[in-house]
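Below, each chain spelled out in residue letters.
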2 protein chains.
Amino acid sequence: MTDDTRWLAPEESAAWVRLVAMAELLPGALDAQLLRDAGLTHFEYAALMAIAEAPARTIRMTELASRTNATLPRLSHVARRLEERGLITRFPCPEDRRATNARITEAGLDLISRAAPGHVETVRANVLDALTPTQLEQLYEIAGAVLTRLDPDERLTATSCQFSEGPVVGGERLRSSAR
Amino acid sequence: MTDDTRWLAPEESAAWVRLVAMAELLPGALDAQLLRDAGLTHFEYAALMAIAEAPARTIRMTELASRTNATLPRLSHVARRLEERGLITRFPCPEDRRATNARITEAGLDLISRAAPGHVETVRANVLDALTPTQLEQLYEIAGAVLTRLDPDERLTATSCQFSEGPVVGGERLRSSAR
DNA sequence: GGGTGTTGGTTGTCGATACAAGTAATCGCG
DNA sequence: CGCGATTACTTGTATCGACAACCAACACCC
């Protein structure tokens, strides 16, 4: 019984353990802060952000699912809850009546505008402030290389920065695109 | 209304988006392969591994929770299911009768021994093979820095490599420590 | 214009986790 | 000792996501 498995070298194992730990702890940290301060999961926040940044603050469900790395059923459930809370509205797409459009409401915009500063602060406190500019660039390259394997369709690498919480969310630029 | 939030610079946003995407997609990829090939979630696999590597293949619940980044309630539920499947046994700790010890069974050892090669292959295919040795070292440093923020107790950085799937799991070394 | 297949989305069910509450054993300390 | 506080874990409840099944609309093709 020959075993041709290429087991992990110590350096590989050490890096892997840390990566897994980070991947497991990060979502919980993001959810905890957002739930406490805004009553939103990180996924809900990201979805609302993606809608807000879309032209006319409206986006198709499939496009939104792709932008948020979600399956369509998951997004459907989340969208229903967000709609029940009055944060988004859904309506059939005129061009393709199979499709559904999601639009963020004023209440939704208000909520993410209020939630954004705290979230950005959390991101800085937990991740960005721990890294040097060089490490930030390295992280960008490393995550990009991994995503090529994890997400063969490259949906992510193609989309622009959906989390650019800069002036886009500050208020004016967010609304100016709509009216 | 002054806004003193330090919004994300483009380089920060780009790296952050990729990190979040990686953190969201990685667990699913690991679970999918292990569930398909061994009927285990990645968390269950990691837990069984941690037990197998402990002295006498036995470990306390609290220690195991720390090693696997899990809350105690979560671990308790998982342990019950693993026990029902005959992969581990639980019994009160003799020294401290509040505590519970978990020990992996022969069936559990067999299962992770059979699951390990496929899992290692998945880790290589999705992550390690995408990185250069230099990037591996960078990832180790970056994840270490982030974990210092995410896991203030530093439980993780203190523990040795629980995923070292080398000779430890090959069969002999795993059992030699037990009898 | 009517199959046939594909796309877009929703719904139902089930398993899994978080959170809160509860229990039992141990520790600290007067 | 003996009583409160802490530790270690379990259980119950509610929520969330995965998967599969389903339905409606479009696309094509002859």
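Everything here concerns the structure above.
Residues numbered from 1 in each chain as written. Chains lettered and ligands numbered in written order. Predicted model: local features only at pLDDT ≥ 70, side-chain atom pairs only at ≥ 80, totals over all residues. Heavy atoms only, no water.

Caption draft 1: Structural view of the sheet that holds strand S2 (residues 88-92) of chain B. Residue and element names in this part refer to chain B. Here we have three strands laid out as an open sheet, ordered S1-S3-S2, and antiparallel in their pairing. The open sheet has two edge strands, strand S1 (58-60) and S2, and neither has a second partner. Direction aside, neighbouring strands of the sheet carry axes that sit 25° apart on average. (Pairing = 2+ DSSP bridges. Helix = DSSP H or I, 4+ residues; strand = E, 2+ residues; numbered from the N terminus. Axes fitted to C-alpha atoms, helices over the stretch in contact; angles between N-to-C directions.)

Caption draft 2: Geometry of the packing of aromatic side chains. All chains considered together, the criterion is met by zero aromatic pairs over all chains. Just above the ring of Tyr140 of chain A sits the side chain of Arg18 of chain B; from NZ or CZ to the centre is 3.7 Å. Looking at Arg74 of chain B, its charged tip hangs above the ring of Phe43 of chain B, at a distance of 4.0 Å from the centre. (Phe/Tyr/Trp six-rings, centres within 6.5 Å; stacked < 30°, edge-to-face > 60°. Lys NZ or Arg CZ within 6 Å of the ring centre and 35° of its normal.)

Caption draft 3: Spotlight on the pairing of strand S3 (residues 100-104) of chain A. All names here are of chain A. Of the pairings in the sheet, the one linking strand S1 (residues 58-60) to S3 comprises three bridges and is antiparallel in character. Bridge pairing in S3 links Arg60 to Asn101. Relative to S3, strand S2 (residues 88-92) runs antiparallel, the two sharing five bridges. Its bridge partner lying in S3, Phe91 is registered against Asn101.

Caption draft 4: Just the pattern of salt bridges, in detail. Under the definition given, this model contains 18 salt bridges over all chains. Note that Arg90 of chain A and Glu83 of chain A form a salt bridge whose closest N and O atoms lie 3.1 Å from each other. Glu83 of chain A sits in the partly exposed class, given a relative accessible area of 29%. The partner of Asp96 of chain B in a salt bridge is Arg98 of chain B, with the nearest N and O atoms 2.9 Å apart. Residue classification places Arg98 of chain B among the exposed residues on the basis of a relative accessible area of 75%. (Salt bridge = Lys/Arg side-chain N within 4 Å of Asp/Glu carboxyl O. Buried < 20%, exposed > 50% of the residue type's maximum accessible area, 1.4 Å probe, protein only.)

Caption draft 5: Seen up close, the relation of the copies chain B and chain A. Take chain B, turn it by 180°, move it 0.0 Å along the axis, and it overlays chain A with an RMSD of 0.1 Å. Read as a symmetry element, the transformation amounts to a two-fold axis. In terms of C-alpha distance to the rotation axis, chain B has Ala23 of chain B as its closest residue, with the C-alpha 2.3 Å off the axis. (Least-squares fit on C-alpha atoms with pLDDT ≥ 70 in both.)

Caption draft 6: Looking closely at the protein's contact with DNA strand C. Close to DNA strand C lie 19 residues; Thr62, Ser76, Arg90 and Thr100 of chain A together with Arg81 of chain B are nearest. Among atoms of DNA strand C positioned within 4 Å of the protein, sugar and phosphate together represent 67%. A distance of 3.1 Å is found between a phosphate oxygen of DNA strand C and a backbone nitrogen or oxygen belonging to Arg97 of chain B. Put simply, the parts of the chain that give the surface near DNA strand C at least two residues each are helix H3 (61-67) and helix H4 (72-84) of chain A together with helix H4 (72-84) of chain B. Looking at the surface near DNA strand C element by element, the count peaks at five residues for H4 of chain B. (Near = heavy atom within 4 Å. Polar contact = N/O pair within 3.5 Å; in protein donor to acceptor, adjacent residues only side chain to side chain.)

Caption draft 7: Region of interest: the interface of chain B and chain A. Taken together, the contact pairs 61 residues of chain B with 61 residues of chain A. When chain B packs against chain A, close to 6,600 Å² is buried across both sides, 71% of that on carbon and sulfur atoms. Contact with chain A buries area across many residues of chain B, yet Trp7, Trp16 and Arg18 of chain B alone supply 12% of it, more than any other trio. For the pair chain B and chain A, the number of links is four salt bridges. Between Asp129 of chain A and Arg6 of chain B there is a salt bridge, and its shortest N-O distance comes to 3.5 Å. (Contact = heavy atoms within 4.5 Å. Buried area = accessible area lost by both parts, 1.4 Å probe.)

Caption draft 8: View of the protein's contact with DNA strand D. Inspection of the region around DNA strand D gives 19 residues, with Arg97 of chain A together with Thr62, Ser76, Arg90 and Thr100 of chain B positioned closest. His77 of chain B has a polar side-chain atom sitting 3.1 Å from a base oxygen of DNA strand D. Contact distances for DNA strand D include 3.0 Å between a phosphate oxygen and a side-chain N or O atom of Arg90 of chain B. Elements with a minimum of two residues in the surface near DNA strand D: H4 of chain A together with helix H3 (61-67) and H4 of chain B.

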